[in-house]
Amino acid sequence: MIDLKEVHRVQDSKNNSPFSNTQCPIRRVIISDSGNIELNPDSKHFIYFSRTKMHHAYYLYSKVLKIITKEIEKAKKNPYFAKLNLPEDFRAFRYYTHINTGVIKEVNNLFTNYLPPKKVELVTLQYLNSFCKLFELCATKNHQKTFGKNFPEISDVSTFGGAYGINDMWLELLKTCTVSSKTCTTSVNSILEELLELKHVVKVDDQRLKSILTRNETLFAILDHMTYSELQNPNFQNKNTPNKITNLLELIEEHQMYSPKTNLDRAFFTEQRKIFKDEYHDVLENSR
């Protein structure tokens with residue numbers, strides 16, 4: 001059985017007007033209608049992906065709550081919204097209790113009926129396991145980063161599995177090793193409605209988002225309620241893909257784009273090129 005891995009990203013939606021959503025990460029990963037993967041602006045910039053679905057859900061809540069807090073702050077300064085019963089803020093789930101779900105309804109009313117749509121895009125990339133194993137070995141923890149070095153990194157490790165920071169040749173390698181992608185666009189008010197649906201099972205005794213999610217694993221199920229569009233990566237099946245993977249691995253070796261603590265030698269990278277090539281052909285054969 002083929003063991004593919006996944007990384008996830010929350011980013012601004014293409015349906016938002018320019019600069020409308022300053023609380024959400026820029027739309028860095030773009031999937032075309034045919035499944036081609038493009039990077040914005042290019043692979044020189046670090047792009048961060050959630051390492052697990054749980055971290056993905058945590059990051060989604062975190063960004064949406066920041067959007068909500070910012071919009072409430074702006075709305076309370078506008079006389080037009082004076083009739084709305086808006087809270088002072090909406091950080092974490094401060095008002096998310098059985099007796100105050102009315103507050104969530106008021107906030108939902110603001111986003112549904114008074115503001116332009118605030119949307120986020122969710123992206124999942126399914127990729128070769130060999131990339132995951134090599135990345136984990138070569139990455140440095142972000143607090144151990146060396147200035148000016150483009151080492152791959154693992155960050156936020158204490159929060160639901162953490163995230164990957166990827167750029168340069170590593171990002172090109174991920175794109176080349178990606179078998180398929182899934183995308184979904186959801187809105188702030190849709191997420192608020194999900195919270196209202198879950199009100200009977202959620203308990204809050206802490207204002208920190210991480211603590212709330214730890215105590216209420218049901219909230220992670222929000223990702224299961226999303227409708228994704230899944231596409232195969234057409235470039236993965238290109239006959240030149242194995243050669244491109246080999247070339248990228250050679251460049252990573254040549255430029256020593258890995259943690260200096262790993263002590264990798266030429267024999268290691270020779271073996272890696274074979275591992276990647278074998279898995280690539282196994283996946284391709286299995287897809288036919």
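Here the structure is shown first, and the text comes after it.
Residues numbered from 1 in each chain as written. Predicted model: local features only at pLDDT ≥ 70, side-chain atom pairs only at ≥ 80, totals over all residues. Heavy atoms only, no water.

Asker: If you had to explain the pattern of salt bridges to someone new, which residues and values would you point to?
Answerer: Here the structure, examined in full by the defined rule, presents 8 salt bridges. For Asp224, the salt bridge identified is with Lys53, shortest N-O distance 3.6 Å. Within this pair, whereas Asp224 is found in the loop between α6 (209-215) and β10 (229-232), its partner Lys53 is found in helix α1 (residues 53-75), the two being separated by 171 residues in sequence. Residue Lys53 is classed as partly exposed on the basis of its relative accessible area of 43%. A salt bridge links Glu172 to Lys175; its shortest N-O distance comes to 3.7 Å. Linking Glu172 with Lys175, this pair stays in helix α4 (residues 168-177), spanning 3 residues, or about one helical turn. We classify Glu172 as buried; its relative accessible area is 18%. (Salt bridge = Lys/Arg side-chain N within 4 Å of Asp/Glu carboxyl O. Helix = DSSP H or I, 4+ residues; strand = E, 2+ residues; numbered from the N terminus. Buried < 20%, exposed > 50% of the residue type's maximum accessible area, 1.4 Å probe, protein only.)

Asker: An account of the packing of aromatic side chains is needed here, citing residue identities and associated values.
Answerer: Applying the stated criterion across every chain yields a total of 14 aromatic pairs. With a centroid separation of 5.9 Å and an interplanar angle of 75°, the aromatic rings of Phe131 and Trp170 are classed as edge-to-face. A residue pair is termed long-range when its members are at least 10 positions apart, and Phe131 in helix α3 (residues 129-138) and Trp170 in helix α4 qualify at 39 residues. Of the residues examined, Phe131 reaches a relative accessible area of 1% and is grouped as buried. Taking the relative accessible area as the measure of exposure, Trp170 reaches 1% and is therefore buried. Three or more aromatic residues joined by ring pairs make a cluster, and in this case those are Tyr127, Phe131, Phe135, Tyr164 and Trp170. A cation over an aromatic ring shows up here: Lys182 above the ring of Tyr228, its NZ or CZ 5.3 Å from the ring centre. (Phe/Tyr/Trp six-rings, centres within 6.5 Å; stacked < 30°, edge-to-face > 60°. Lys NZ or Arg CZ within 6 Å of the ring centre and 35° of its normal.)

Asker: Lay out helix α5 (residues 188-197) in plain terms, naming residues and giving numbers.
Answerer: Turning to α5, its buried residues are Val188, Asn189, Ile191, Leu192, Leu195 and Leu196. Seen from one end, α5 has its buried residues packed into an arc of 160°, which puts them on one side. Contacts from the buried residues of α5 go to α1, α2 (101-113) and β9 (178-187). (Arc of directions from axis to C-beta. Contact = heavy atoms within 4.5 Å.)

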